[in-house]
Amino acid sequence: MKRIVAPRSKSYEHRFLICEFLSKLDEVNCVEDTKDQSKLINEKNEAVENDAEDIIATKNCLYEIGQSLKNGNQKVLLDCNQSGSSLRFLLPIVCALGLKADFIMRGRLAKRPLDSLLNELIAHGCKIDVSDDVLSTERKLKHGVFNLPGNISSQYVSGLLMALPLLSADSEIHVKKPLFSMPYIDITLDVLRDFSISVSEENHDTEHIYRVKGGQRYILPKEYVVEGDWSNAGFWFAAGILGDEPLVIEGLNPCSLQGDRKIVEILKKMGADLRFVTDKGKPVFEAYPIGDKVLKSIEIDAGNIPDLVPLIALLCCLADDKSKISGIKRLRLKESDRVVAIENLIGRLGGSIAVSDDTIEIDGIGKERRLKGGKVNCFDDHRIVMTAAIASLRCEERLLIDNAKAVNKSYVSFFDEFDRIGLSGNCLRK
């Protein structure tokens, strides 16, 4: 059986890198020798092989923040590329540190929602200006009560959760329900706990409250391993199911807080043969081909697992009957309008899809038909690229992916692995 090691979780890695940096910042505040201060604050977390573009953006921004602090709080230029995580996490932190900064936003990033977070930062003492693709901020963030909607981006909450412990006094974050993508906030809290940061929670009928004490210290844990990424591993589960031979996926935490581990439950409901076993003392998953069988149609709410929707939509296209995916409204705010991208992909491949405000309905083609193939536009969106690659396993003709390099945003080695395990025979890229 061929094996795939899941890539590092981008969600966990972003948060770990930031908390690691803040733990060194805290140490600097306790050191008297200025040379030692410079050394601690100036350490650059070098990019390593197969780093996703989003992770590289966060590493580079943290380095520039460290340089600014070393040089007496000089204005800093932070290139977030297309990374929403880098921007939404680091903006509150830069404000909490009282730095002047210009955030560079590329691609669709400047068009993705940010107003609710900006309004709260401004209400708590910051000056923020947005001009074209540059966001400028100055003045130090003040403690207090922060009010955020829960139905736009969990990253607003995560960014504040990492920034508020740096303030001198206590703060609260009140998140209005419904609260979508809560597993991502749980990941933030998990990493904060590992770095000795305490946050208390209260759950009420109309809101969720996070209480954050000021003046806390980030403490680097003795050991820390970034777990595997369930969002990207989902594509390998699908490859094992739709391909010609079983596939072993390792490096995943079966008890992970990542919401996207729900892919196993979803695939089993669709009739997939997935097995969880122990191999040499380590947990691994095995995905077995469905062969001549056909997947079962499903109805799911994807409000907490938006990153899985492109893949699930493709699998529903191959199912035996009509499927329904709800909770998809926020997909319009991703690297592309992902609802339009999914509709376009499935339509070009010969599938039938109907889109409403918050729902996708897909007629499965059953086992008598295959997808068409041909050239597809992936809208410069990494998850649409990977979905198209998996679709090629069930296409009559070769499938050509336009701008396949968009996959580098989250998974640089995806096509290297795709080729290595022999899946690329029907998939062309440019």
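Our structure is the block above this text.
Criteria and cut-off values
Numbers given to residues run from 1 along each chain, matching the order in which its sequence is written. This being a predicted model, a pLDDT of at least 70 is required before a residue's local features are given, and a value of 80 or more before pairs of side-chain atoms are given or counted; all residues contribute to the totals for chains, interfaces and linings. Note that the side-chain values use all heavy atoms of the structure and ignore hydrogens as well as water. Every axis in this analysis is a line fitted to C-alpha atoms, fitted for helices over the stretch in contact. Angles between the N-to-C directions lie between 0 and 180 degrees. The numbering of helices and of strands both runs from the N terminus, where a helix is a DSSP run of H or I of at least 4 residues and a strand a run of E of at least 2. The scheme is simple: roughly parallel for angles under 35 degrees, roughly antiparallel for over 145, roughly perpendicular for 65 to 115, oblique for anything else. The contact criterion used is simple: two residues touch if any of their non-hydrogen atoms lie within 4.5 Å. The classification used treats Ala, Val, Leu, Ile, Met, Phe, Trp, Tyr, Cys and Pro as nonpolar, Asp, Glu, Lys and Arg as charged, and all other residues, Gly among them, as polar. In short, DSSP must find at least two bridges between two strands for them to pair. Two rings belonging to Phe, Tyr or Trp (six-membered ring only in the last case) form a pair when the distance between their centres is within 6.5 Å. Interplanar angles under 30 degrees mark stacking, angles over 60 mark edge-to-face geometry, and anything in between is tilted. A simple rule labels every residue: compare its accessible area, found with a 1.4 Å probe on the protein chains alone, to the largest value its type can have, and call it buried under 20%, exposed over 50%, or partly exposed in between.

Participant: Explanation requested: the packing of helix α4 (residues 84-97) against helix α5 (residues 115-123) in the structure shown.
Facilitator: Where α4 meets α5, the axes come as close as 11 Å, and the angle between the chain directions of the two elements is 5°. In this view, α4 runs roughly parallel relative to α5, as classed from their interaxial angle. Where α4 abuts α5, its residues R88, L91, P92 and C95 lie against L117, L118 and L121. Looking at side-chain class alone, the contact of α4 with α5 contains 6 nonpolar, no polar and 1 charged residues.

Participant: How do you make sense of the sheet that holds strand β9 (residues 207-212) when you look at a structure like this?
Facilitator: Each strand in a sheet pairs with another by means of backbone hydrogen bonds, the pair being arranged parallel or else antiparallel. Judged by pairing direction, the sheet is mixed, and its 4 strands sit side by side in the order β6-β7-β9-β8 without closing on themselves. Either end of the sheet is taken by a strand with one partner, and the two such strands are β6 (145-149) and β8 (199-203). Each adjacent strand pair in this sheet contributes to an overall mean axis angle of 20°, direction not counted. By the bridge criterion, 5 bridges tie β8 to β9 in an arrangement that is antiparallel. Each bridged residue has a counterpart across the sheet, and for E201 the counterpart in β9 is Y210.

Participant: Could you clarify how one ought to interpret the packing of aromatic side chains in this entry?
Facilitator: Within a pair of aromatic rings, the relevant descriptors are the distance that separates the centres and the angle that separates the planes. In the structure shown here, the tally under the stated rule is 15 aromatic pairs. Between W236 and F418, the ring centres sit 6.5 Å apart and the planes meet at 40°, which makes this aromatic pair tilted. Of this pair, W236 sits in helix α8 (residues 230-242) while F418 is found in helix α13 (residues 414-420), placing the two residues 182 residues apart along the sequence. In terms of burial, W236 and F418 fall into one category: buried.

Participant: What exactly am I supposed to notice about the sheet that holds strand β17 (residues 374-377) here?
Facilitator: An order of β17-β18-β19 is seen for the 3 strands of this open sheet, with the pairing classed as parallel. One side of each edge strand has no neighbouring strand; the edge strands of this open sheet are β17 and β19 (427-429). Strand after strand, the sheet turns through a mean of 25° between neighbouring axes, direction not considered. Here 4 bridges tie β17 to strand β18 (residues 399-402), and the two strands are oriented parallel to one another. Of the residues in β18, the one forming a bridge with V376 is I401. Sheet strands touched by helix α12 (residues 382-391): β17, β18 and β19. Its angle to β18, the strand with the most contacts, is close to 170°.

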